[in-house]
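# Topology and contacts: notes
Residue strings, one per chain:
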Amino acid sequence: MRILVTGPDGFIGSAVCRDLVQKGYSVRGAQWQQAPLPEGCESFIVGDIGEGTEWMTALAGVDAVVHLAARVHVMHDRAADPLAEFRSVNVHGTRKLAEAAAQAGVEKFIFLSSVKVNGEHTVLPDAEKGHEDFSGGRVLNRRAGAFTATDEPRPEDPYGISKWEAEQYLREIELRTGMKVTILRPTLVYGPGVKANFLKLVQCVERGIPLPFGCIRNKRSFIGLGNLIDIICRCLEHPSAAGETFLVSDGDDVSTPELIRRIARAFGKEPRLLPVPEWVIKAAGIMTGKSDQVQRLCGSLQVDSSRLQRSLNWRAPYTMADELERVARWRLGN
């Protein structure tokens, strides 16, 4: 099977390409510009991904597409029209690639979407349904219990909206052409090479910085990089993946304090957690303009990935401890 992977030099893409090559697949990486790729992965420059991208040459002889490239969620987006920028790559770029793939006779199309299609927050099952919280003057309508793949999508930010719109185009193309589409909505992905807020948290624990989250009582779902790659490989091979939308997680939901403890354990350190009341942290977030970051640390976001487990007969091959140990080795190696 020859597979075209978009975003092959990114955090997820490079690991996916490396694993696929090791498993014996013929892998072609579609890059916007020249950059190092894992050994055995063919490079193909397609330029910027959008409405005008020419895909047919890159798709020649390809059996399946794993579409990972995207304009990702960024804090404090300075674009004049963030939604238009997200749509250019995530919606129109995805639609153009999928149309070309179907025309080229590609059999399978795997799209990495986001849990943000479902929403931003959940509340613990024992909390009152319809619970509302305040964050920086905004009322957050949060779902009681974990998100499921059959929930009505409720994206809130431009990134989530663009991913949901891309999903809808893919389903229309699937119905019209017969190309088999699988949509994956992962939670936060962590592993060697992780960036953004998860990396900042790891760095704080690594340096022994006291963190004020000892009183937080939340639950969040995560997906280790190794488990995500295993799911992508399973979707390439398993016939039941066609036409499905799966929420993706390790299945081991943890609170923020517990996550910090596990990171510390991976580094052989003692966690330094301060018992600061949650309302104090949230008030500080409002005053500093960092309510969104605080909400991600204090709030809950759980997904139910049992549909994926049942449909693909999948069990996570790696524990959170396994993946965090890999993160620690990567950090210590650097």
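Here the structure is shown first, and the text comes after it.
An account of the accompanying structure is given in this report. As the structure is a computational prediction, the values presented were derived from the model and not from experiment.

## Digging into the side chain of Lys116
- Assignment of secondary structure puts Lys116 in the loop between β5 (108–112) and β6 (122–123).
- On the accessibility criterion, Lys116 (11% relative accessible area) is buried.
- A polar side-chain atom of Lys116 sits 3.1 Å from a polar atom in the side chain of Asp157.

## Observations concerning the packing of helix α6 (residues 256–266) against helix α10 (residues 320–333)
- Their axes nearest at 8 Å, the elements α6 and α10 cross at an angle of 55 degrees. Classified by the interaxial angle, the pair formed by α6 and α10 is oblique. Crossing geometry of α6 relative to α10 is assigned as right-handed. Across the interface between the two elements, Leu259, Arg262, Ile263 and Ala266 of α6 pack against Met320, Leu324, Glu325 and Ala328 of α10.
- Here the residues of the contact of α6 with α10 are counted per class, giving six nonpolar, no polar and two charged.

## Quick word on the packing of aromatic side chains
- Overall, the coordinates contain four aromatic pairs when judged by the stated rule.
- Plain terms: the ring middles of Tyr190 and Phe222 are 6.3 Å apart, the flat faces sit at 90 degrees to each other, and that makes the pair edge-to-face. Taken together, the residues span a long stretch of sequence, with Tyr190 in strand β11 (residues 188–190) and Phe222 in strand β12 (residues 222–224) at a distance of 32 residues.
- When its relative accessible area of 1% is taken as the criterion, Tyr190 is described as buried.

## Things to note about the sheet that holds strand β13 (residues 245–248)
- If you trace the seven strands from one edge of the open sheet to the other, you get β3-β2-β1-β4-β5-β10-β13, paired in parallel fashion. Strands at the two margins of the open sheet, each flanked by one partner only, are β3 (42–45) and β13. Ignoring which end each strand starts from, the neighbouring axes of this sheet average 20 degrees apart.
- Taken together, the four bridges between strand β10 (residues 180–186) and β13 define a ladder with parallel strand orientation.

## Examining the pattern of salt bridges
- A complete count under the given rule lists 17 salt bridges for this structure.
- The salt bridge partner of Lys116 is Glu120, with a shortest N-O separation of 2.8 Å.
- Residue Lys282 pairs with Glu278 through a salt bridge whose shortest N-O separation is 3.0 Å. You can see Lys282 and its partner Glu278 sitting in helix α7 (residues 278–288), four residues apart, about one turn around the helix.
- Note on Lys282: relative accessible area 19%, which makes it buried.
- By sharing partners, the salt bridges in this structure join Asp252, Glu258, Arg261 and Arg262 into a single network.

## Side note on helix α2 (residues 82–103)
- Here α2 spans 31 Å end to end across 22 residues, near enough to the 32 Å set by a 1.5 Å rise per residue.
- Residue Ser88 marks the point of greatest curvature in α2, where the axis turns by about 35 degrees.
- Turning to α2, its buried residues are Phe86, Asn90, Val91, Gly93, Thr94, Leu97, Ala98, Ala100 and Ala101.
- Buried residues in α2 make contact with β1 (2–6), β4 (64–67), β5 and α3 (158–177).
- In the stretch just after α2, Gly105 is the one whose phi turns positive, near 85 degrees.

Scoring rules and cut-offs
Residues numbered from 1 in each chain as written. Predicted model: local features only at pLDDT ≥ 70, side-chain atom pairs only at ≥ 80, totals over all residues. Heavy atoms only, no water. Helix = DSSP H or I, 4+ residues; strand = E, 2+ residues; numbered from the N terminus. Buried < 20%, exposed > 50% of the residue type's maximum accessible area, 1.4 Å probe, protein only. Polar contact = N/O pair within 3.5 Å; in protein donor to acceptor, adjacent residues only side chain to side chain. Axes fitted to C-alpha atoms, helices over the stretch in contact; angles between N-to-C directions. Parallel < 35°, antiparallel > 145°, perpendicular 65-115°, else oblique. Left-handed = near helix turned anticlockwise from the far one by under 90°. Contact = heavy atoms within 4.5 Å. Nonpolar A, V, L, I, M, F, W, Y, C, P; charged D, E, K, R; others polar. Phe/Tyr/Trp six-rings, centres within 6.5 Å; stacked < 30°, edge-to-face > 60°. Pairing = 2+ DSSP bridges. Salt bridge = Lys/Arg side-chain N within 4 Å of Asp/Glu carboxyl O. Expected span 1.5 Å × (residues − 1). Bend = angle between axes of the 7 residues up to and from the residue.

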